[in-house]
Amino acid sequence: MLKAEVSVYPSDESGQEAHPLQRFMNEMGLDYDFRQEPPSINTSLSGSSRQVFSTVQEIFESSAQRDEDVVMVVTFYQISTQKN
């Protein structure tokens, strides 16, 4: 199983990126945190690598459609399903 922690920040201080990303997260049924300072949207994803990478790509493309500079930080964790 793959897990990803995703944070998206607008590159300017206006925070204008938050509203469309919140709508996207709601449409995708994702849990997220919205922070005012610094403005960001953060979510945690888990599933198969195909599911996680596909969702990360959708989040990125949704942000990029606005044609504004955006910073996206993703940390991936590989979770072993085998027990010792």
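The next point concerns the overall build of the protein chain. When you go through the protein chain residue by residue, the secondary structure sums to 2 helices and 4 strands. When the elements of the protein chain are put in sequence order from the N terminus, they spell out β-α-β-β-α-β. Within the protein chain, the fraction of its 84 residues that count as buried is 32%. Contacts in the protein chain between residues far apart in sequence, at least 24 positions, make up 70% of those at least 6 positions apart. Just so you have it, the protein chain exposes about 5800 Å², and 44% of that area is on carbon and sulfur atoms.

We now examine the nonpolar core. Formed by L2, A4, V6, V8, F24, M25, L30, I41, L45, V52, V56 and I59, the largest nonpolar core amounts to 12 residues. For this core, the secondary structure elements donating two or more residues are β1 (2-10), α1 (18-28), β3 (40-47) and α2 (49-64). In terms of residue count, the dominant contributor to this core is β1 (4 residues). If sequence neighbours within four positions are ignored, V56 has contacts with V6, L45, M72 and V74.

To continue, consider the pairing of β3. The buried fraction of β3 is high, at 6 of 8 residues. Of the pairings in the sheet, the one linking strand β2 (residues 32-35) to β3 comprises 4 bridges and is antiparallel in character. Bridging across to β3, F34 finds its partner in I41.

This part covers the pattern of salt bridges. According to the stated counting rule, one finds 1 salt bridge in the structure shown. A salt bridge links K3 to E5; its shortest N-O distance comes to 3.6 Å. Note on K3: relative accessible area 28%, which makes it partly exposed. Residue E5 is classed as partly exposed on the basis of its relative accessible area, which comes to 30%.

Let's shift gears to the side chain of T43. As for its placement among the helices and strands, T43 is situated in strand β3. Residue T43 is classed as buried on the basis of its relative accessible area, which comes to 5%. Apart from residues no more than four positions distant in its own chain, T43 is found in contact with A4, E5, V6, M25, L30, D31, Y32 and I59.

Segments scoring low in pLDDT should not have their predicted coordinates read at a detailed level. When pLDDT is averaged along the protein chain, the result is 78; 77% of the residues meet or exceed 70. For the protein chain, the element scoring lowest by mean pLDDT is α1, at 71; strand β4 (residues 70-78) scores highest, at 90.

What counts, and where the lines are drawn
- Residues numbered from 1 in each chain as written.
- Predicted model: local features only at pLDDT ≥ 70, side-chain atom pairs only at ≥ 80, totals over all residues.
- Heavy atoms only, no water.
- Helix = DSSP H or I, 4+ residues; strand = E, 2+ residues; numbered from the N terminus.
- Buried < 20%, exposed > 50% of the residue type's maximum accessible area, 1.4 Å probe, protein only.
- Contact = heavy atoms within 4.5 Å.
- Areas by Shrake-Rupley, 256 points an atom, 1.4 Å probe, with all protein chains shown as cover.
- Core = buried A, V, L, I, M, F, W, Y, C linked by side-chain atoms within 4.5 Å.
- Pairing = 2+ DSSP bridges.
- Salt bridge = Lys/Arg side-chain N within 4 Å of Asp/Glu carboxyl O.
- pLDDT = per-residue confidence, 0-100.

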